Amino acid sequence: MTTASPDPLDAPTAALAAAVLEVARHVEDGPLPAPRLFALARSAELMAASPSLAALLGADGGDAQDALHLTPIDLEDGTAAAADPLAALESAQWPDLAAGGAIACDLAPAAWTVRDDQGDRQLPAERSLRVVVAALEDGTTWSAVHHGDEDGYVLGVALLPEISQALVQTLQASD
């Protein structure tokens, strides 16, 4: 279950939000001892650049492909050294095909500022937050924060402002 976002969803942001949820589903089982980075590639461009992948997935490469759809590509190679997401982003190297990037990690709630539009909701101090923050090169961001309860993810723009800003900076620096 997810909590509806009060933030507006135009088409590019909706595509980014869908990629965030895909990454969240990918990492939902088990702990994340270190942040995991994901390149976000435009699916149509990825299929055009890799006809063998398109054939494997049954994509014809035609006009049916949504130009905004993003495919998350897990960049995890098992060597993540930094447990801090900002440190992990400092060393991020995005592939040329990346239209954006995402970071997934577990965070101690007391160590981070979480934008919470619900006001009265307390973050659970006894357990980690599972977060996924994503951004496009143009600065569009989207986040998912799981508070560890049955309510699922809270979604919105820049729910973790420090991580969102650092992610955008890494993407713009790679231009």
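What you see is a predicted model; the values in this text were computed from it and never measured.

Focus: helix H1 (residues 11-26)
Along its 16 residues, H1 runs 23 Å from first to last C-alpha, staying within 8% of the 22 Å computed at 1.5 Å per residue. Three or more residues of H1 are buried, namely Thr13, Ala15, Leu16, Ala17, Ala19, Val20, Val23 and Ala24. In this structure, the buried residues of H1 make contact with strand E2 (36-42), strand E3 (70-74), strand E4 (98-107), strand E5 (129-136), strand E6 (141-146) and strand E7 (153-156).

Thoughts on the pattern of salt bridges
Within the structure shown, the criterion is met by two salt bridges. The closest approach of N and O atoms between Asp74 and Arg36, which form a salt bridge, is 2.2 Å. Within this pair, whereas Asp74 is found in strand E3, its partner Arg36 is found in strand E2, the two being separated by 38 residues in sequence. Note on Arg36: relative accessible area 19%, which makes it buried. A salt bridge links Arg130 to Asp106; the shortest N-O distance between them is 2.3 Å. You can see Arg130 sitting in strand E5 and its partner Asp106 sitting in strand E4, a full 24 residues away along the chain. Classification of Asp106 as partly exposed rests on a relative accessible area of 21%.

So, how was this worked out
- Residues numbered from 1 in each chain as written.
- Predicted model: local features only at pLDDT ≥ 70, side-chain atom pairs only at ≥ 80, totals over all residues.
- Heavy atoms only, no water.
- Helix = DSSP H or I, 4+ residues; strand = E, 2+ residues; numbered from the N terminus.
- Expected span 1.5 Å × (residues − 1).
- Buried < 20%, exposed > 50% of the residue type's maximum accessible area, 1.4 Å probe, protein only.
- Contact = heavy atoms within 4.5 Å.
- Salt bridge = Lys/Arg side-chain N within 4 Å of Asp/Glu carboxyl O.

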